[in-house]
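Fold and contact review
Chain by chain, the residues run as shown.
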Amino acid sequence: MEQRLLKENTFKALMIFALPYMFSNLLQVFYGSADMFVVGQFGHTFDVSGVSIGSQTMSLITNLVLGLTTGVTVLLGQYLGSKSYRDLSKTIGGAIVLFLIIALVLTFVMLYFNNEITLLMNIPKEAIEATKS
């Protein structure tokens, strides 16, 4: 990447690096929009509220994980560029363990603290069940 940034168009090189991140955010928006469209056609107002709140919560979690993966990508790029293959393999292994732990913790928190999270968010009473589901 360093040679590309120095020898090629900087904007083009940065866009190639940023496109996967932008595409993943776009997919998350489309996912939430599709949910809203379907629920809006067949559900009630409180169902739409629940889907909207749930979609925002999932976007928050997705962006948190994407931020962490961007940091890991920077480390991987540095180690690959400096040909530190031992550090590269340690970072890959550490990232796998880190994201496995994050996945397990988030799954536990979202499943078992579902009620507490919805109460903390001051969701209207009519939308609580729709938000939880």
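Structure: above.
These remarks concern the structure in this document. (Residues numbered from 1 in each chain as written. Predicted model: local features only at pLDDT ≥ 70, side-chain atom pairs only at ≥ 80, totals over all residues. Heavy atoms only, no water.)

1. Side note on the environment of Met22
Spelled out, the test is: Comment: elements are numbered from the N terminus, with helices defined as DSSP H or I runs of at least four residues and strands as E runs of at least two. Using a 1.4 Å probe on the protein chains alone, a residue whose accessible area is under 20% of its type maximum counts as buried, one over 50% counts as exposed, and one in between counts as partly exposed.
Within the fold, Met22 resides in helix H2 (residues 10–42). Owing to a relative accessible area of 38%, Met22 belongs among the partly exposed residues under this scheme. In this structure, the C-alpha to C-alpha distance between Met22 and Thr131, residues 109 residues apart in sequence, is 27 Å.

2. Topic: the packing of helix H3 (residues 45–81) against helix H4 (residues 85–112)
To be explicit about the condition: Axes here mean lines fitted to C-alpha atoms, for a helix over just the part in contact, with angles spanning 0 to 180 degrees between N-to-C directions. Any angle that is under 35 degrees is reported as roughly parallel, and any over 145 degrees as roughly antiparallel; angles of 65 to 115 degrees are reported as roughly perpendicular and all others as oblique. Working rule for contacts: check all heavy atoms of both residues, and any pair within 4.5 Å makes them a contact. As a working rule, the residues Ala, Val, Leu, Ile, Met, Phe, Trp, Tyr, Cys and Pro are called nonpolar, Asp, Glu, Lys and Arg charged, and the rest polar, with Gly in that last group.
Relative orientation of the contacting elements H3 and H4 amounts to 170 degrees, with a least axis distance of 9 Å. It follows that H3 is roughly antiparallel to H4 by the angle criterion. Here Thr57, Ile61, Val65, Leu68, Thr69, Val72, Leu75, Leu76, Tyr79 and Leu80 of H3 lie close against H4, whose contacting residues are Tyr85, Asp87, Leu88, Thr91, Ile92, Ala95, Phe99, Ile102, Leu106 and Met110. Split into classes, the residues belonging to the contact of H3 with H4 amount to 16 nonpolar, three polar and one charged.

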